Amino acid sequence: MSCTEHRVLPLRLEATPVSVPLRGVFAYRSERPYEVTLDFEGAGMHLARWVFSRELLLDGQVCATGEGDIQVWPRWEGSEPRIFLAFSNGAQSCVVSARAKDVRELCRRMTQLVPRGHEQRHYDLDAELSALLLR
């Protein structure tokens with residue numbers, strides 16, 4: 001049985017000299033337990049979609065993590081702890097941030113659906129391999 005968690009979080013595009021508000025639509029599906037999908041929305045438009053490791057989000061709450069295209073780290077911003085996410089595709093890059101309490105709640109729900117270390121129980125590797133081989 002598949003379970004899905006959707007969360008819409010207010011994000012800030014960390015741009016100089018001012019930050020820009022965005023919406024981040026996070027989606028997590030138990031049948032794809034290793035990944036999180038993040039859709040960026042702003043000005044009434046879908047701006048981008050990124051799919052990345054759930055572990056980056058879980059670990060990035062407490063320490064800097066990630067290499068290459070996606071990096072996540074916590075930081076105090078004024079009186080509020082925030083989680084920063086940096087995305088790069090080689091040609092373009094951006095940094096967004098979310099309130100740490102919002103990310104913490106999302107991560108709590110994801111690990112309720114699929115606890116850490118139990119991902120393989122929810123992932124059908126044989127079905128994935130079959131789908132790849134049929135292409």
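Residues numbered from 1 in each chain as written. Predicted model: local features only at pLDDT ≥ 70, side-chain atom pairs only at ≥ 80, totals over all residues. Heavy atoms only, no water.

Topic: the pattern of salt bridges
Step number 1: Under the defined criterion, the tally for this structure stands at 13 salt bridges.
Step number 2: Its salt-bridge partner being Arg12, residue Glu14 comes within 3.1 Å of it at the nearest N-O pair.
Step number 3: On the accessibility criterion, Glu14 (26% relative accessible area) is partly exposed.
Step number 4: The class for Arg12 is partly exposed, based on a relative accessible area of 23%.
Step number 5: Put simply, Glu5, Arg7, Glu105, Arg108 and Arg109 are held in one network by salt bridges that share partners. (Salt bridge = Lys/Arg side-chain N within 4 Å of Asp/Glu carboxyl O. Buried < 20%, exposed > 50% of the residue type's maximum accessible area, 1.4 Å probe, protein only.)

Describing the environment of Val51
Step number 1: Relative to the helices and strands, Val51 resides in strand 4 (residues 45–53).
Step number 2: Sequence spacing of Val51 and Ile70 is 19 residues, and the spatial spacing of their C-alpha atoms is 9.8 Å.
Step number 3: Those residues in contact with Val51 that lie beyond four places of it in its chain are Glu35, Val36, Thr37 and Ile70. (Helix = DSSP H or I, 4+ residues; strand = E, 2+ residues; numbered from the N terminus. Contact = heavy atoms within 4.5 Å.)

Regarding helix 2 (residues 100–113)
Step number 1: For helix 2, spanning 14 residues, the distance from its first C-alpha to its last is 20 Å, which sits close to the expected 20 Å at 1.5 Å a residue.
Step number 2: Among all positions in helix 2, only Ala100, Asp102, Val103, Leu106, Cys107, Met110 and Leu113 are buried. Seen from one end, helix 2 has its buried residues packed into an arc of 160°, which puts them on one side.
Step number 3: On its buried face, helix 2 is in contact with strand 1 (4–13), strand 2 (20–29), strand 3 (35–42), helix 1 (54–59), strand 6 (80–88) and strand 7 (93–99). (Expected span 1.5 Å × (residues − 1). Arc of directions from axis to C-beta.)

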